[in-house]
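In case you want the letters, here they are:
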Amino acid sequence: MNWLVVVAAVAVAVTFAPYVAFGVLYAVVRPSGSPAAKEPAEPTVSVVLPTYNESGIVEGKLEDLLALDYPMEKVELVVVDSSDDETRDIVREFFADREHPELNLIEEDERRGLAPALNDAYAAAEHEMVVKTDCDSLLPPDVLREAAANLADPDVAAVTGTNVEVLGGSDVESGYRGVQSHIQTMESHLDSTFIFHGPFSAFANDAITPIDPNSLADDTELALRIRRRGDDHRVVFDPAVQYKEASHSAFRKRRTQKDRRGMGLIRLLVQHRDALGSYGNYGRVVLPFNWWFMIASPWLLALDVALVAAAAGVAVAPLAGVGVLAALGAFVALGSRERLGPLSPLYSLFDTQVSLFRASIELLRGKGDGTWEVDEELREAFEN
């Protein structure tokens with residue numbers, strides 16, 4: 001057997017071995033729902049809403065929050081705004097004749113980035129449960145009650161949820177979120193999950209700690225820092241905690257949204273590499289798995305493609321290597337156009353690996369800051 005074929009086969013086997021092991025563990029554990037001992041609860045709630053030039057959507061978001069099935073006299077809204085449009089005026093006018101929920105509007109004179117704004121908002125939040133949500137997301141009526149039921153468990157200090165409807169109709173993102181939900185459910189039953197989601201995450205106020213002002217993964221960083229406070233500070237995923245968020249399917253359009261998220265998560269893992277091996281299964285299983293998925297696997301996958309193409313060209317025929325690359329190109333083209341049918345979740349994972357590979361390169365080049373650029377197309381998808 002040609003040595004290049006052997007090397008390619010070994011490389012592919014090494015790349016996918018952790019995923020096979022995780023799948024076997026999932027089949028053994030069979031996790032379902034939240035691992036928290038959920039109990040009905042009705043704590044006071046601070047909803048944190050960061051805004052930047054949201055004049056076209058902020059009123060709809062405020063209406064969405066007021067429609068939640070929760071006593072508004074127990075809710076305060078902390079809006080931290082750095083807009084240069086009419087966003088804060090719209091917020092003030094919306095609450096002008098409303099007694100509840102109470103409004104705390106933090107007005108920033110300059111745009112410093114999301115993490116510093118969130119640190120200020122969290123410091124200003126006065127209630128027992130602090131919820132972070134984004135302006136371009138929608139929440140179901142029961143979301144606060146589901147979150148509170150998780151935090152009623154004394155060993156749970158934070159909870160996040162799942163995107164149940166991708167606004168804009170991206171099957172690629174839906175496929176990825178479906179796979180991600182299974183992974184996060186498994187992580188939570190082992191100990192705690194790694195990724196927390198901006199559209200909805202809830203935290204026990206007394207567990208909140210400041211995050212890095214330069215963070216690119218603010219929600220996940222806060223959850224990680226909370227988990228590091230001790231074994232009675234688990235941070236979990238509950239599929240009953242739901243939200244809706246917009247996303248793209250097209251390959252090029254997804255890069256801006258996904259690559260930046262990837263940069264934040266990779267940088268966070270590296271910054272907290274000392275947590276590996278500590279904090280129970282969180283440091284022994286969950287963090288190593290995410291290291292593999294986000295840092296090692298994207299580079300190995302790129303190596304796999306090169307080795308398989310080279311091996312095919314040597315062992316089969318010179319044009320076979322070109323055929324491998326052409327097949328991959330067709331896979332990407334069909335996947336980004338949502339024409340792969342049942343293979344869409346597989347494409348969504350490949351797409352995520354591409355973003356993580358690109359993100360790692362950008363980080364090595366010293367790129368990345370704490371400010372978000374507004375994606376006008378996603379805003380349109382959200383409004384529609």
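Scoring rules and cut-offs
- All chains use their own residue numbering, which begins from 1 and follows the written sequence.
- Note on the predicted model: pLDDT of at least 70 is required for a residue's local features to be given, and 80 or more for side-chain atom pairs to be given and counted; whole-chain, interface and lining totals, by contrast, use all residues.
- Processing note: side-chain calculations cover all non-hydrogen atoms of the structure and skip hydrogens and water entirely.
- Only DSSP runs of H or I with at least four residues qualify as helices, and only runs of E with at least two residues qualify as strands; both kinds are numbered from the N terminus onward.
- Expected helix span is computed as 1.5 Å times (number of residues minus one).
- For every residue, the accessible area obtained with a 1.4 Å probe (protein chains only) is divided by the maximum for its type, and the residue is called buried under 20%, exposed over 50%, and partly exposed between those limits.
- In protein, a polar contact means a hydrogen-donor-capable atom and an acceptor-capable atom, both N or O and within 3.5 Å, with residues adjacent in sequence counting only if both atoms are side-chain atoms; elsewhere, any N or O pair within 3.5 Å suffices.
- What the arc measures is the spread of directions leading from the helix axis to the C-beta atoms.
- The set of buried Ala, Val, Leu, Ile, Met, Phe, Trp, Tyr and Cys residues whose side-chain atoms join them within 4.5 Å is what this entry labels a nonpolar core.
- Residues are treated as being in contact if the distance between any of their heavy atoms lies within 4.5 Å.

On to helix 1 (residues 3-29). With 27 residues, helix 1 extends 39 Å from end C-alpha to end C-alpha; this agrees with the ideal 39 Å at 1.5 Å per step. Residues of helix 1 that are buried include every one of L4, A8, A11, T15 and F22, and no others. Here helix 1 starts with a cap whose side-chain oxygen sits 2.7 Å from the backbone nitrogen of L4, and that cap is N2. In the segment just after helix 1, R30 is the residue with positive phi, at about 50°.

What follows covers unusual backbone geometry. In the segment running from H100 into P101, the intervening peptide bond is cis, with an omega of -5°. One can find P101 in the loop between helix 3 (87-95) and strand 3 (102-107). Backbone geometry at N53 places phi at a positive 50°, although glycine is not the residue there. Within the secondary structure, N53 sits in the loop between strand 1 (45-51) and helix 2 (58-66).

Our next topic: helix 10 (residues 318-336). Here helix 10 is 19 residues long and its end C-alpha atoms lie 29 Å apart, about the 27 Å a rise of 1.5 Å per residue gives. Taken together, the buried positions of helix 10 are occupied by G321, F331, V332, G335 and S336. Buried residues along helix 10 cover an arc of 120° about the axis, so they all sit on one side. Relative to its buried face, helix 10 has exposed residues pointing more than 90 degrees away, namely P318, L319 and V322. E338, located one to two residues past helix 10, shows a positive phi value of around 60°.

With 34 residues, the main nonpolar core has L62, M129, L144 and F200 as its most contacted residues. Sort the elements by how many residues they give to this core and helix 5 (residues 143-151) lands first, with five residues. Apart from residues lying up to four places away in sequence, M129 is in contact with P43, T44, V45, S46, L144, A147, A148, L151, A202 and F203. In this structure, A117, L118, V130 and A204 belong to the second largest nonpolar core, which totals 24 residues.

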